[in-house]
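# A closer look at the structure
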Amino acid sequence: MPLFSRLSVNRRVERLIREGVGVRESTWTVDCASDPDLTRRLTESIVGWVRHSMGEMRRPYGIDHVALALACRDGSGRVVCSTSLGVLRPISFYGEGPVAEVNAFLGDVARATGGRPVEMVGALLSLGDIAFALNGRPAAA
């Protein structure tokens, strides 16, 4: 029975994510990804968005973890490169770790695109919002 229960929860989590529960998305247009000052400002913008989004998340039972994924699309919408920072605690976004990882990814974007204009896409998943919804309460707004 525990296996069936686990599969049921997995299906419910997948459904909630597909429905957008706990998912926050944002985009940034980058005209010249090879400019160091632009890279720094874009890193600050992405991390600032993450911090702001985390402030709106539910934290039932102390579950405050998030997962962050970033992708870069060219002018035709094709994904050129992507990364996932994995599951992290919000406090880590006030340290150097994730900031350095975002900055390093933007360096990869610059190399992959040759400085051509691109669109950055960020997706942030709140595990607390998912846990809140699984507990039978309405999803966080």
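Thresholds applied
- Residues numbered from 1 in each chain as written.
- Predicted model: local features only at pLDDT ≥ 70, side-chain atom pairs only at ≥ 80, totals over all residues.
- Heavy atoms only, no water.
- Disulfide = S-S within 2.5 Å.
- Buried < 20%, exposed > 50% of the residue type's maximum accessible area, 1.4 Å probe, protein only.
- Helix = DSSP H or I, 4+ residues; strand = E, 2+ residues; numbered from the N terminus.
- Expected span 1.5 Å × (residues − 1).
- Contact = heavy atoms within 4.5 Å.
- Polar contact = N/O pair within 3.5 Å; in protein donor to acceptor, adjacent residues only side chain to side chain.
- Salt bridge = Lys/Arg side-chain N within 4 Å of Asp/Glu carboxyl O.

## What about the state of the cysteines?
Applying the stated criterion across every chain yields a total of zero disulfides. C81 provides the cysteine sulfur closest to C72, a residue in no disulfide bond, and the two sulfurs are 4.7 Å apart. C72 sits in the buried class, given a relative accessible area of 0%. The class of C81 is buried, set by a relative accessible area of 16%.

## Examining helix α3 (residues 97-113)
In this model, α3 (17 residues) spans 24 Å end to end at C-alpha, consistent with the 24 Å of a helix rising 1.5 Å per residue. Residues P98, V99, V102, F105, L106, G107, V109, A110 and T113 constitute the buried set of α3. Looking at the packing, one finds that the buried side of α3 touches α2 (36-54), β2 (66-73), β3 (79-88) and β4 (118-126). Backbone geometry just after α3 places G114 at a positive phi near 65°.

## Here we look at the side chain of R24
Mapped onto the elements of the fold, R24 is located in strand β1 (residues 23-30). Exposure remark for R24: the relative accessible area of 12% places this residue in the buried category. A polar atom in the side chain of R24 sits 2.9 Å from the side chain of D129.

## Observations concerning the pattern of salt bridges
This model, assessed by the stated rule, comprises seven salt bridges. Between R15 and E19 there is a salt bridge, and its shortest N-O distance comes to 3.2 Å. A salt bridge links D129 to R24, with the shortest nitrogen-to-oxygen separation between them at 2.9 Å. Of the two residues, D129 is situated in helix α4 (residues 127-134) and R24 in strand β1; the sequence distance between them amounts to 105 residues.

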